[in-house]
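Fold and contact review
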Amino acid sequence: MAAAAGVVVANGSGGADTTAAFKEVYSKLKEEMLADPAFEFTDESLQWIDRMVDYNVLGGKCNRGLSVIDSYKILKGVDVLSKEETFLACTLGWCIEWLQAYFLVLDDIMDNSQTRRGQPCWFRVPQVGLIAVNDGIILRNHISRILQRHFKGKPYYVDLIDLFNEVEFKTASGQLLDLITTHEGEKDLSKYNLTVHRRIVQYKTAYYSFYLPVACALLLAGENLDNFGDVRNILVEMGTYFQVQDDYLDCFGDPEFIGKIGTDIEDYKCSWLVVQALERANGTQKKILFENYGKFDPACVAKVKDLYKELNLEGVFHEYEKESYNKLIADIEAQPSKAVQTVLKSFLHKIYKRDK
């Protein structure tokens, strides 16, 4: 299952300027990767990497990356960063985008997916195939090269390396859990429960999509991440809430509006909705779920959706959304730093009651 793609951006004051500066830094970083003295590139390998990086790193909304810059501005209490500060914040933002690209290239192979961001998955491109596995490894190594080139010698360099390593480990472990659980769930749907769903979501999506951008901004601002355990927990909770929204929209969202047709039911996903249904269903309703979940037949999908409506899962979701929001706001307002509160609220207000 691919991690939720359209994550939040913190509110920045100079949206267009930030995006332009961000795009400019991408060109510089890619140029550096293509001129890396550690390897003697052939013309063919240079062309391959040039195309591969553009194909996989670009094309998303860059929300994770851009939110590093916006969060850093809020933490510093300024509307405009210096040229050097902008470059470093953009560079860390791109490292997150590179990490996302690495995850998605490999994720699509594991899920045997067809398309990603409206084009064929990289491994489906003619002549690519399983070379995509090595491309994923190259993308991950680019992050280390970028960090070394631009941050070695900075007091927080080791913390940055540790942060990216830790988040990558959590995400890969979450992916493993997701793959194993789906495999088990296909044999026995009752393996799916709220605890399992929550663990997958937290590790697979929340850490790299929500915590990582803010942690990068905190390190840039000279902070020690050990002092921000509460902030990490709030962001992971926010990431969990975001994924529950995603699961809800997959079934109840308007495909025209959200830009994709949901297939969680057909794909046997450990979705928040199926977990809620399993908790609430009586014997007869459970039988309907067990017989129809994970089937590509539209009639089976319709039966599952009808059962979701019968169990009033839309109402259950709206209640969950309200409770989550109130708890998050209370936790955010308990934070001693007003700047940190502003960063967290800007994330929350971007995703609260979203419909795509």
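Computed from a predicted model, the values in this text were never measured in an experiment. (Residues numbered from 1 in each chain as written. Predicted model: local features only at pLDDT ≥ 70, side-chain atom pairs only at ≥ 80, totals over all residues. Heavy atoms only, no water.)

A closer look at the domain arrangement of the protein
- Each domain of the protein was delimited in the assignment, giving domain 1 (18–153) and domain 2 (155–355).
- The distance between the C-alpha centroids of domain 1 and domain 2 comes to 24 Å.
- At the junction of the two partners, domain 1 supplies 26 residues and domain 2 supplies 28 residues.
- Taken together, both faces of the contact between domain 1 and domain 2 bury some 2,400 Å²; the carbon and sulfur share is 73%. (Domains from an automatic or database assignment. Contact = heavy atoms within 4.5 Å. Buried area = accessible area lost by both parts, 1.4 Å probe.)

Side note on the packing of aromatic side chains
- Enumeration over the complete set of coordinates arrives at 22 aromatic pairs.
- Residues Tyr248 and Phe317 carry aromatic rings whose centres are separated by 4.0 Å and whose planes lie at 10 degrees to one another, so their mutual orientation is stacked. Of this pair, Tyr248 sits in helix H8 (residues 229–252) while Phe317 sits in helix H13 (residues 313–333), placing them 69 residues apart in sequence. One exposure class covers both Tyr248 and Phe317, and it is buried.
- Taken together, a centroid distance of 6.1 Å and an interplanar angle of 80 degrees make the contact between Trp272 and Phe317 edge-to-face. With a gap of 45 residues between them, Trp272 in helix H10 (residues 272–280) and Phe317 in helix H13 connect regions that are remote in the sequence.
- Overall, the relative accessible area of 3% leaves Trp272 in the buried class.
- One aromatic cluster in this structure is built from Tyr241, Tyr248, Phe252, Trp272, Phe317 and Tyr320.
- Sitting over the face of the ring of Tyr207, Lys170 holds its NZ or CZ atom 4.6 Å from the ring centroid.
- Cation over ring: Arg354 sits above Phe242, and NZ or CZ is 3.8 Å from the ring centre. (Phe/Tyr/Trp six-rings, centres within 6.5 Å; stacked < 30°, edge-to-face > 60°. Helix = DSSP H or I, 4+ residues; strand = E, 2+ residues; numbered from the N terminus. Buried < 20%, exposed > 50% of the residue type's maximum accessible area, 1.4 Å probe, protein only. Lys NZ or Arg CZ within 6 Å of the ring centre and 35° of its normal.)

Re the side chain of Gln335
- The residue Gln335 is located in the loop between H13 and helix H14 (338–351) in this model.
- Not counting the four nearest positions on each side in its chain, Gln335 is found in contact with Asp230, Val231, Ile234, Val340, Gln341 and Leu344.

Some details on helix H7 (residues 194–220)
- With 27 residues, H7 should reach 39 Å at 1.5 Å per residue; the first-to-last C-alpha distance of 36 Å fits that figure.
- Along its length, H7 reaches its greatest deviation from straightness, about 60 degrees, at Ala206.
- Within H7, 22 of the 27 residues are buried, leaving the element largely enclosed by the surrounding structure.
- For H7, the N-terminal cap is Asn193; the gap from its side-chain oxygen to the backbone nitrogen of Thr195 is 3.0 Å.
- Looking at the residues trailing H7, positive phi occurs at Gly222, about 85 degrees. (Expected span 1.5 Å × (residues − 1). Bend = angle between axes of the 7 residues up to and from the residue. Polar contact = N/O pair within 3.5 Å; in protein donor to acceptor, adjacent residues only side chain to side chain.)

Some points on the pattern of salt bridges
- A complete count under the given rule lists 22 salt bridges for this structure.
- Glu168 serves as the salt-bridge partner of Arg140, at 2.5 Å between the closest nitrogen and oxygen. Placement of the pair is Arg140 in helix H5 (residues 131–151) and Glu168 in helix H6 (residues 157–187), with a sequence separation of 28 residues.
- Accessibility expressed as a relative area gives 15% for Glu168, which makes it buried.
- Between Lys327 and Asp331 there is a salt bridge whose closest N-O contact spans 2.8 Å. With Lys327 and Asp331 both in helix H13 and 4 residues apart, the pair spans about one turn of that helix.
- Residue Asp331 is classed as partly exposed on the basis of its relative accessible area of 27%.
- Among the ionic contacts, a cluster of salt bridges with common partners joins Glu184, Lys187, Asp188 and Lys191. (Salt bridge = Lys/Arg side-chain N within 4 Å of Asp/Glu carboxyl O.)

Observations concerning the packing of H8 against H14
- Relative to each other, H8 and H14 sit at 5 degrees, their axes nearing to 11 Å. In terms of their interaxial angle, H8 and H14 are classed as roughly parallel. Of the residues in H14, those in contact with Val231, Ile234, Leu235, Met238, Tyr241, Phe242 and Gln245 of H8 are Val340, Leu344, Phe347, Leu348 and Ile351.
- Of the residues belonging to the contact of H8 with H14, the class tally is 11 nonpolar, 1 polar and no charged. (Axes fitted to C-alpha atoms, helices over the stretch in contact; angles between N-to-C directions. Parallel < 35°, antiparallel > 145°, perpendicular 65-115°, else oblique. Nonpolar A, V, L, I, M, F, W, Y, C, P; charged D, E, K, R; others polar.)

Describing the packing of helix H3 (residues 63–76) against H14
- Taken N-terminus to C-terminus, the directions of H3 and H14 make an angle of 150 degrees; their axes are 8 Å apart at the nearest point. On the basis of the axis angle, H3 is roughly antiparallel to H14. Helix-helix and strand crossings are classified by hand; for H3 and H14 the assignment is right-handed. Note on element contacts: H14 touches H3 through Ala339, Val340, Thr342, Val343, Ser346 and Phe347, opposite Ser67, Ser71, Ile74 and Leu75.
- Classifying every residue of the contact of H3 with H14 by side-chain character gives 6 nonpolar, 4 polar and no charged. (Left-handed = near helix turned anticlockwise from the far one by under 90°.)

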